[in-house]
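# Results of the structural survey
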Amino acid sequence: MLTLEAKLLTADAFAPFGDVLDARTSASYPINAGRTQRHHDLAKVETLGDNAHTLINIFVSQPVSLPLSLTFLERHPQGSQAFMPLRQERFIIVVAPPGETIALDEVQAFVTDGRQGVNYRAGTWHAIQSVLEREGEFLVVDRGGDGNNCDEYPLDVTVTLAQ
Ligand SMILES: NC(=O)N[C@@H](O)C(=O)O
Ligand code: NI
């Protein structure tokens with residue numbers, strides 16, 4: 001059993017796994033006669049394989065309780081997957097670098113602050129959507145197309161919040 005304390009999410013710490021989406025820290029430029037700031041091209045959407053195309057989805061998730069017990073991580077070998085909260089929900093992230101196996105010492109846990117989203121790059125091992133405290137509504141951008149795009153890796157992980 002692997003026990004992890006979730007750290008506050010930062011772009012640097014998350015860099016091996018993908019991108020952090022955050023309008024407070026990303027560059028932007030004015031459009032629409034200055035009425036809008038465009039935070040442009042924040043993450044790389046990957047859609048690989050036959051008939052690959054981008055999906056725009058909304059996930060409505062029920063909250064998880066802490067400590068969070070996981071029995072597997074999953075990956076999407078043919079595409080990235082982005083989660084952006086629509087109502088400033090916080091969520092737990094558990095990730096491991098892409099690869100055919102997962103080294104326990106490479107598994108990391110994070111918690112978002114409500115204004116952050118993430119984009120898992122293709123192949124990054126991750127826990128399924130785990131929103132905290134209340135029902136969460138997330139814009140999700142990921143890959144549609146032919147073939148399998150979801151592998152599971154059995155792994156027992158318990159996650160708490162760092163005090
Ligand atoms: N299965 C699905 O669409 N969602 C998962 O990939 C997830 O990361 O929540
Ligand atoms: Ni996923």
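The name given to the chain in an unreviewed UniProt entry is Ureidoglycolate lyase, with the source organism recorded as Vreelandella lutescens. Entered under Catalytic activity (unreviewed entry) in the UniProt record, the comment concerning the chain runs "(S)-ureidoglycolate = urea + glyoxylate". Within the UniProt record for the chain, the comment given under Subunit (unreviewed entry) is "Homodimer."

### Points about the environment of Ile102
Here Ile102 shows up in the loop between β8 (91-96) and β9 (108-111). Between the alpha carbons of Ile102 and Gly34 there is a distance of 47 Å; along the sequence they are 68 residues apart. With near-sequence residues (within four places) excluded, Ile102 lies in contact with Leu73, Ala96, Val107, Trp125, Tyr153 and Leu155.

### Brief notes about the site of ligand 1
In the vicinity of ligand 1, the contacting residues are Phe59, Glu74, His76, Gln81, Phe83, His126, Ile128 and Gln129. Contact distances for ligand 1 include 2.9 Å between an oxygen atom and a side-chain N or O atom of His76. A distance of 2.9 Å separates an oxygen atom of ligand 1 from a polar side-chain atom of Gln81.

### Structural notes on unusual backbone geometry
Cis geometry is adopted by the peptide bond preceding Pro67, which originates at Leu66 and carries an omega value of -5 degrees. One can find Pro67 in the loop between β5 (53-61) and β6 (68-75). Positioned with a positive phi, Asn32 is a non-glycine residue whose angle comes to about 55 degrees. For Asn32, a relative accessible area of 46% corresponds to the partly exposed category. Of note, Asn51 is a non-glycine position whose phi angle comes to about 55 degrees, a positive value.

### Some thoughts on the coordination of the nickel ion (ligand 2)
Around the nickel ion (ligand 2), the protein supplies Glu74 (OE), His76 (NE2), Gln81 (OE1) and His126 (NE2) as donor atoms, at distances of 2.0 to 2.2 Å. Coordination geometry of the nickel ion (ligand 2): the six donor atoms subtend angles of 73 to 173 degrees at the metal centre, consistent with an arrangement described as octahedral. Counting gaps between the donor residues of the nickel ion (ligand 2) yields the pattern E-x1-H-x4-Q-x44-H. Gln81 matches Glu74 in its accessibility class, with the two residues each being buried.

Parameters and conventions
- Residues numbered from 1 in each chain as written.
- Chains lettered and ligands numbered in written order.
- Predicted model: local features only at pLDDT ≥ 70, side-chain atom pairs only at ≥ 80, totals over all residues.
- Heavy atoms only, no water.
- UniProt positions renumbered as here; feature names shortened; annotations may be inferred.
- Helix = DSSP H or I, 4+ residues; strand = E, 2+ residues; numbered from the N terminus.
- Contact = heavy atoms within 4.5 Å.
- Near = heavy atom within 4 Å.
- Polar contact = N/O pair within 3.5 Å; in protein donor to acceptor, adjacent residues only side chain to side chain.
- Buried < 20%, exposed > 50% of the residue type's maximum accessible area, 1.4 Å probe, protein only.
- Donors = N, O, S within 2.8 Å, 3.2 Å for Na, K, Ca; no water.
- Tetrahedral: all angles 85-135°; square planar, octahedral: opposite > 155°, others 65-115°.

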